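Each chain is listed here by its residues.
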Amino acid sequence: MASKLKSAARFGARYGLKIRREVSKIEEVSRAKHECPNCFKKSLKRQAAGIWVCKSCNYKMAGGAYQPYTDATKIMEKMFR
Ligand SMILES: [Zn+2]
């Protein structure tokens, strides 16, 4: 419980509950493993904001700060299809 309060306190009282929920959702996505575009294993992990590294093949890519594929990259994919 103490750690939960601490994490919410980082964003201050000026942010609403809805935003805090959104942030925790984003943090969940950022901590989760994602599919590597090189070897297609679920080994892509966030190393730093915008930097994603595959633990399986060491593939390194730039992506969104909190998730490897942002809406912008999705739009790009659609354009090239
Ligand atoms: Zn990989």
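Calculation notes
Residues numbered from 1 in each chain as written. Predicted model: local features only at pLDDT ≥ 70, side-chain atom pairs only at ≥ 80, totals over all residues. Heavy atoms only, no water. Salt bridge = Lys/Arg side-chain N within 4 Å of Asp/Glu carboxyl O. Helix = DSSP H or I, 4+ residues; strand = E, 2+ residues; numbered from the N terminus. Buried < 20%, exposed > 50% of the residue type's maximum accessible area, 1.4 Å probe, protein only. Donors = N, O, S within 2.8 Å, 3.2 Å for Na, K, Ca; no water. Tetrahedral: all angles 85-135°; square planar, octahedral: opposite > 155°, others 65-115°. Expected span 1.5 Å × (residues − 1). Contact = heavy atoms within 4.5 Å. Pairing = 2+ DSSP bridges. Axes fitted to C-alpha atoms, helices over the stretch in contact; angles between N-to-C directions.

K.L.:
What's the story with the pattern of salt bridges in this structure? I'm lost.
P.N.:
In a structure, side chains of opposite charge can pair up when their charged atoms sit close to one another. Applying the stated criterion to the full structure yields two salt bridges. Lysine 25 is the partner of glutamate 22 in a salt bridge, and the nearest nitrogen-oxygen pair spans 3.5 Å. Taken together, the positions of glutamate 22 and lysine 25, both in helix α2 (residues 17-31) and three residues apart, correspond to about one turn of that helix. When its relative accessible area of 37% is taken as the criterion, glutamate 22 is described as partly exposed. Accessibility expressed as a relative area gives 49% for lysine 25, which makes it partly exposed.

K.L.:
Would you take a moment to explain the coordination of the zinc ion for this structure?
P.N.:
Note on metal geometry: ideal angles are 109.5 degrees for four donors arranged tetrahedrally and 90 or 180 degrees for six donors arranged octahedrally. With distances of 2.2 to 2.3 Å, the protein atoms coordinating the zinc ion are Cys36 (SG), Cys39 (SG), Cys54 (SG) and Cys57 (SG). Classification of the site at the zinc ion as tetrahedral follows from its four donor atoms and the range of 105 to 114 degrees in their angles at the metal. Of note, the zinc ion draws all its donor residues from one chain, in the sequence arrangement C-x2-C-x14-C-x2-C. Of the two residues, cysteine 36 is situated in the loop between α2 and β1 (44-48) and cysteine 57 in the loop between β2 (51-54) and β3 (60-62); the sequence distance between them amounts to 21 residues.

K.L.:
Just checking my understanding: could you explain α2 for this structure?
P.N.:
Each α-helix turn comprises 3.6 residues. Residues three or four places apart therefore point the same way. An ideal rise of 1.5 Å per residue puts 21 Å on 15 residues; α2 measures up with 21 Å between its terminal C-alpha atoms. Of the surrounding secondary structure, the elements contacted by the buried residues of α2 are β1 and β2.

K.L.:
I would appreciate a short explanation of the sheet that holds β1 in the present structure.
P.N.:
Strand pairs in the sheet, formed through backbone hydrogen bonds, run parallel or antiparallel to each other. Taken in spatial order, the three strands of this open sheet run β1-β2-β3, and their pairing is antiparallel. Two strands lie at the open edges of the sheet, namely β1 and β3, each paired on one side alone. Taking the axes of each pair of neighbouring strands and ignoring which way they run, one obtains an average angle of 35 degrees across the sheet. Alignment of β2 against β3, held across three bridges, turns out to be antiparallel. By the bridge assignment for β3, tryptophan 52 is matched with methionine 61.

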